[in-house]
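Fold and geometry: a report
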Amino acid sequence: MGTTQLETVPEPKYWHLKTVLSDALDSEFRVGEILPNERDLAARFGVARATLRQALEQLELEGRLQRRRGVGTTVAPPRVGIAVDPARHTWPGAPGDDWQPVDAVETEAPPAAVARLLETTPGDRVHIVRRSRVTHGQPVAAELLYVRADAVPDCSGVASVSAPARAAAVLHALQALELESQDRTVELGSARAEDARQLDRLPGAPVLVVTTRYVADGRTTAVAVSTYRADTCRLTFGASDPVALLAG
């Protein structure tokens, strides 16, 4: 078999630099230490700053570096293992759930992708429950849970109570339904401005987006879109044979 065109393409300069930088992180820097500025790093390794930025961005995507507002680029700690267990046959908010409810609102305009999963039509009301997940005092994930309003009709008047109480009321109403099944998909994405604020990241930072579909009464009743920090999280599935989904 002949050599393919791809095999003849030389390794990008930034990729080689990424390998050199990775070795330097292991031998010269401690977790949490701030890296020198881009000008000094570029001069040290004899590369253009554009090449350096590409290498730094790749290392951030791989979870080796973190960019922090007002601080700079620091060496990241090892990723935290976060259990995302599809074997749990429970609704969001059930006992043992690691998420904290923040707020809930009602809308007629969920995102188009969510509306397709929920099989709603224009004018159908949907509850949006905002939740957060914290591990070791650090925000690791933000979630938007979309629930068909006609599946939890007793929640139509929760707008008058406090934000956490609204969220808790919708979650409590879900517990009364019989959950038939659930399925998940995982994708690599970029943090939206709202998620970035909640996760203490910069907009556009790498994230892992887990979309969970909950089925009751023969239809999709709720959809959860959970956004995890890709730089600090290692998602595991199942209790006996975890599968690590690493960004990069």
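Here the residue index of a chain counts from 1 through its sequence in written order. Confidence filtering applies because this is a predicted model: local features only for residues at pLDDT of at least 70, side-chain atom pairs given and counted only at 80 or more, and all residues used for totals across whole chains, interfaces and linings. Only hydrogens and water are set aside when side-chain values are computed; all heavy atoms of the structure are taken into account.

Moving on, we come to helix 5 (residues 163-175). Runs of H or I in DSSP of at least four residues are treated as helices and runs of E of at least two as strands, each being numbered from the N terminus. The length a helix should cover is 1.5 Å for every residue beyond the first. Taking 1.5 Å per residue, 13 residues should reach 18 Å; helix 5 reaches 19 Å between its end C-alpha atoms and fits that length. For each residue, the accessible area found with a 1.4 Å probe, counting protein chains only, is set against the maximum for its type, and the residue is called buried under 20%, exposed over 50%, and partly exposed in between. Three or more residues of helix 5 are buried, namely Arg166, Ala167, Val170, Leu171, Ala173 and Leu174. Each buried residue of helix 5 sits inside an arc of 160° when the element is viewed along its axis, so together they form one side. Here a residue-residue contact requires only that any non-hydrogen atoms of the pair lie within 4.5 Å. Residues of helix 5 that are buried sit in contact with strand 4 (100-107), strand 5 (126-135), strand 6 (138-148) and strand 9 (219-229). Working note: the arc is built from the helix axis to C-beta atom directions.

This part takes up the packing of aromatic side chains. Centre distance within 6.5 Å is the pairing criterion for rings of Phe, Tyr and Trp, where only the six-membered ring of Trp is used; planes under 30 degrees apart are then read as stacked, over 60 as edge-to-face, and the remainder as tilted. For the structure on display, the rule yields 3 aromatic pairs. Look at tryptophan 99 and tyrosine 228: their rings are 6.0 Å apart centre to centre, the planes differ by 75°, and that puts the pair in the edge-to-face class. Residue tryptophan 99 is found in the loop between strand 3 (80-83) and strand 4, and its partner tyrosine 228 is found in strand 9; the two are separated by 129 residues along the sequence. Across the pair, exposure class does not vary: tryptophan 99 and tyrosine 228 are buried alike.

The subject of this paragraph is the side chain of arginine 148. Turning to its location among the elements, arginine 148 is positioned in strand 6. Whenever a nitrogen or oxygen atom comes within 3.5 Å of another N or O atom, the pair is scored as a polar contact, on the condition that within protein one atom can donate a hydrogen and the other can accept it, and that pairs from neighbouring residues in sequence are kept only if both atoms are in side chains. Within the structure, arginine 148 has its side chain in polar contact with the backbone oxygen of leucine 118 (distance 2.7 Å).

Glancing now at the sheet that holds strand 7 (residues 181-190). Across the sheet, 6 strands lie side by side as 4-5-6-9-8-7; this open sheet has antiparallel pairing. Strands with a single pairing partner mark the edges of an open sheet, and in this sheet they are strand 4 and strand 7. Ignoring strand direction, the axes of neighbouring strands in this sheet form an average angle of 20°. Two elements, strand 6 and strand 9, share 7 bridges in a ladder whose sense is antiparallel. Across the sheet, leucine 144 pairs through a bridge with valine 225, a residue of strand 9. Contacting strand 4, strand 5, strand 6 and strand 9, helix 5 runs over the sheet at an angle of about 85° to strand 4. The criterion for strand pairing is that DSSP finds at least two bridges linking the strands in question. For helices, the fitted line uses only the C-alpha atoms of the stretch in contact; every axis is such a line through C-alpha atoms, and the angle between N-to-C directions lies from 0 to 180 degrees.

This part covers the pattern of salt bridges. Any Lys or Arg side-chain nitrogen located within 4 Å of an Asp or Glu carboxyl oxygen qualifies as a salt bridge. Under the defined criterion, the tally for this structure stands at 17 salt bridges. Arginine 30 is paired through a salt bridge with glutamate 33; the nearest N and O atoms lie 3.9 Å apart.

Moving on, we come to the pairing of strand 8 (residues 206-216). Side-chain direction in a regular strand flips from residue to residue, so the side chains alternate between the two faces of the sheet. Burial of strand 8 is extensive: 10 of the 11 residues sit out of reach of the surface. For strand 8 and strand 9, the ladder comprises 10 bridges, and the chain directions are antiparallel. Bridge pairing links leucine 208 to tyrosine 228 in strand 9. Hairpin geometry of strand 8 and strand 9 is characterised by an intervening segment of 2 residues between the two adjacent antiparallel strands and by a positive phi of about 55° at aspartate 217.

Here glutamine 58 is to be found in helix 3 (residues 49-61). Taking relative accessible area as the criterion, glutamine 58 reaches 14% and is therefore assigned buried. Those residues in contact with glutamine 58 that sit more than four places away from it in its chain are Trp15 and Lys18.

What follows covers unusual backbone geometry. The backbone of glutamate 119 shows a phi angle near 60°, a positive value even though the residue is not glycine. Along the chain, glutamate 119 turns up in the loop between helix 4 (112-118) and strand 5. For glutamate 119, a relative accessible area of 59% corresponds to the exposed category. In this structure, aspartate 200 is a non-glycine residue whose phi angle is positive, near 60°. Its place among the elements puts aspartate 200 in the loop between helix 6 (193-199) and strand 8. A relative accessible area of 51% means that aspartate 200 is categorised as exposed.

It is worth spelling out the nonpolar core at this point. Judged by nonpolar contacts, the single largest core of 19 residues is most densely connected at Trp91, Val129, Leu145, Val147, Leu174 and Tyr214. Those elements that provide at least two residues to this core are strand 6, helix 5, strand 8 and strand 9. A per-element tally of this core places helix 5 first, with 5 residues. To define a nonpolar core, start from buried Ala, Val, Leu, Ile, Met, Phe, Trp, Tyr and Cys residues and group those joined through side-chain atoms within 4.5 Å. Grouped together as the second largest cluster of nonpolar side chains are 14 residues, Leu17, Leu35, Leu56 and Val75 included.

Put simply, the protein has an average pLDDT of 84, and 88% of its residues get 70 or more. Within the model, the stretch residues 1-6 combines pLDDT values under 50 with 1 contact to residues more than four positions away or in other chains. Every residue gets a pLDDT, meaning the predictor's confidence in that residue, from 0 to 100. Taken together, the stretch residues 240-248 has pLDDT below 50 and engages in 20 contacts with residues farther than four places along the chain or on a different chain.

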